[in-house]
Amino acid sequence: MEIDQPLKAIQYQRGSLLILDQLKLPDETVYISINTGADAWKAIHTMSIRGAPAIAVCGVLSVAVELYHSRSKFDSISSILQFVTDQLNYLITARPTAVNMTDAAKTIIDYLIPLNNKQQNVTLYINELLDFMEQFLQRDLDNNQSIGKYGAEAIRQNVKDKKKLTVLTHCNTGSLATVGFGTALGVIRQLAVDNNLQLTYFTETRPYNQGSRLTAYELVHDRIPHTMICDSMAGLLMRTQTLHAVIVGADRVTANGDTANKIGTYQLAILAKYHEIPFYVAAPTTSIDLTKRTGNEIIIEQRPSSEMTTIKGINIAAEGVQVWNPAFDITPNQLITGIITEHGVFKPEELEEKLISLQRTIKSPLL
Ligand SMILES: CSC[C@H]1O[C@H](OP(=O)(O)O)[C@H](O)[C@@H]1O
């Protein structure tokens, strides 16, 4: 199966950053210009752009664009260092659960100091820094390709006698959550490209409806066989239909493999365990946070009640109703069959050791 160029959540060239306004999808395709870190903070916080990897790339490139257009105002390396550090640390505050923006900020700040020792010319320093920041785009594209290939192979291995597989995914983890093919949805795209996909079920993913508004948009665009279900239908689906795997994304995976992901993931993992269906998490290593030992340490973002009580400004609940709106939940590692990364598929219990070993062998700051 051929898949056309994926939808683009982010369009970038030096000095210009456009993001697809996902609050307007699927009815309108509107790109908005991001010229500063403050523009990016607002777009991330309001979820015009969302998805852990896309958030990080948008944040990094917003600083690159702002630095590029204000480069004449910097008269010293230290002033550039201060500006970039301040902007990156500010962007981290836009949304607290996903770790990718924090990881990106650390990678760049760790790079700034050695670069300072190498390059004393302000103009050349800025150009080298822009080159480095722009690599985050290609890295996510490459990560998506690797995750797709490793994930598709792992799932095929699990179901040796089947050529055509039926899977379930949750939320949106495709081209609208990353720069490329996606993470969990990238695995599904790879299965489709390899002609191993019978059907993908996906949940509408209340309350923000990433599934019905975004994943549906991607699967229809790519003509991938699919069926949308309400979140509440997952149990009956697993009880009555044959599912070969559940594949979801991640916002933050801790050292023991516990995983923060879109609200509703935990209950899918419980159902998958009960129905003996393999449950995979697909995420780049930039979503893995070894500074957190377990999922109990992860901050769960609480979103505005209006995101539950209205759809496109139309009330769907009584005025004054009290709601609880956590945007994520935590899936314990014992419910996870494997964590699909760009370096391979790891069992939760081996994740930390494998990642530390990779960090030792791969000497790139952009691991
Ligand atoms: C590859 S995207 C990872 C993750 O991000 C989504 O959350 P949100 O739409 O709130 O940014 C969802 O949890 C995805 O699984």
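Every value quoted in this text rests on a predicted model; they were computed, and no experiment measured them. (Residues numbered from 1 in each chain as written. Predicted model: local features only at pLDDT ≥ 70, side-chain atom pairs only at ≥ 80, totals over all residues. Heavy atoms only, no water.)

**Q** Please clarify how the packing of aromatic side chains should be interpreted in this entry.
**A** Working definition: an aromatic ring pair is given by the centre-to-centre distance plus the angle between the planes. Evaluation of the coordinates by the stated rule reveals 4 aromatic pairs. Here phenylalanine 74 and phenylalanine 83 contribute two aromatic rings whose centre-to-centre distance is 5.3 Å and whose plane-to-plane angle is 55 degrees, an arrangement assigned as tilted. Phenylalanine 74 gets classed as buried once you look at its relative accessible area, which sits at 8%. Geometrically, the ring pair formed by phenylalanine 132 and phenylalanine 136 is edge-to-face, given 5.9 Å between the ring centres and 85 degrees between the ring planes. One end of the pair is phenylalanine 132 and the other is phenylalanine 136, both in helix H5 (residues 122-158) and 4 residues apart, which spans about a single turn. Above the ring of tyrosine 68, the side-chain terminus of arginine 71 is found at 4.1 Å from the ring centroid. Here arginine 189 stacks its cationic end above the ring of phenylalanine 181, 5.5 Å away from the centre of that ring. (Phe/Tyr/Trp six-rings, centres within 6.5 Å; stacked < 30°, edge-to-face > 60°. Buried < 20%, exposed > 50% of the residue type's maximum accessible area, 1.4 Å probe, protein only. Helix = DSSP H or I, 4+ residues; strand = E, 2+ residues; numbered from the N terminus. Lys NZ or Arg CZ within 6 Å of the ring centre and 35° of its normal.)

**Q** Sorry, what's going on with the sheet that holds strand S11 (residues 288-289) here?
**A** Strand pairing in a sheet relies on backbone hydrogen bonds, with the paired strands running either antiparallel or parallel. Read across the sheet, 4 strands follow the order S11-S8-S9-S14 without closing on themselves; strand pairing throughout is mixed. Each edge of the open sheet carries a strand with a single partner, namely S11 and strand S14 (328-331). In this sheet, S11 lies alongside strand S8 (residues 252-254) in parallel orientation, the contact comprising 2 bridges. Note on S11: the bridge partner recorded for threonine 254 is aspartate 289. The sheet strands contacting helix H9 (residues 265-274) are strand S9 (259-262) and S14, and the helix crosses S14 at an angle near 30 degrees. (Pairing = 2+ DSSP bridges. Contact = heavy atoms within 4.5 Å. Axes fitted to C-alpha atoms, helices over the stretch in contact; angles between N-to-C directions.)

**Q** Which parts of the structure should I look at to understand the side chain of threonine 286?
**A** Of note, threonine 286 is situated in the loop between strand S10 (279-282) and S11. Exposure remark for threonine 286: the relative accessible area of 9% places this residue in the buried category. There is a polar contact of 3.3 Å between the side chain of threonine 286 and the side chain of asparagine 100. If sequence neighbours within four positions are ignored, threonine 286 has contacts with Val99, Asn100, Asp103 and Arg139. (Polar contact = N/O pair within 3.5 Å; in protein donor to acceptor, adjacent residues only side chain to side chain.)

**Q** Please clarify how the site of the ligand should be interpreted in this entry.
**A** Taken together, 18 residues sit near the ligand, with Gly51, Arg95, Asp251, Asn261 and Lys262 positioned nearest. Within the side chain of lysine 262, an N or O atom sits 2.7 Å from an oxygen atom of the ligand. One can see that the ligand is located within the largest cavity. Broken down by secondary-structure element, the contributors of at least two residues to the shell around the ligand are helix H2 (52-69) and S9. (Near = heavy atom within 4 Å. 1 Å grid on protein atoms, 1.4 Å probe; cavity = no way out; pocket = protein on both sides within 12 Å on 5 of 7 lines; lining within 4 Å. Sits in = over half its atoms within 2 Å of the grid points.)

**Q** Mind showing me how you'd approach the environment of serine 212 here?
**A** Residue position: serine 212 is located in helix H7 (residues 210-222). For the pair formed by serine 212 and threonine 183, sequence separation is 29 residues and the distance between their alpha carbons is 18 Å. The residues contacting serine 212, other than those within four sequence positions of it, are Phe202, Thr203, Glu204 and Met228.

All quantities given are derived from atomic positions and should not be read as evidence of function.
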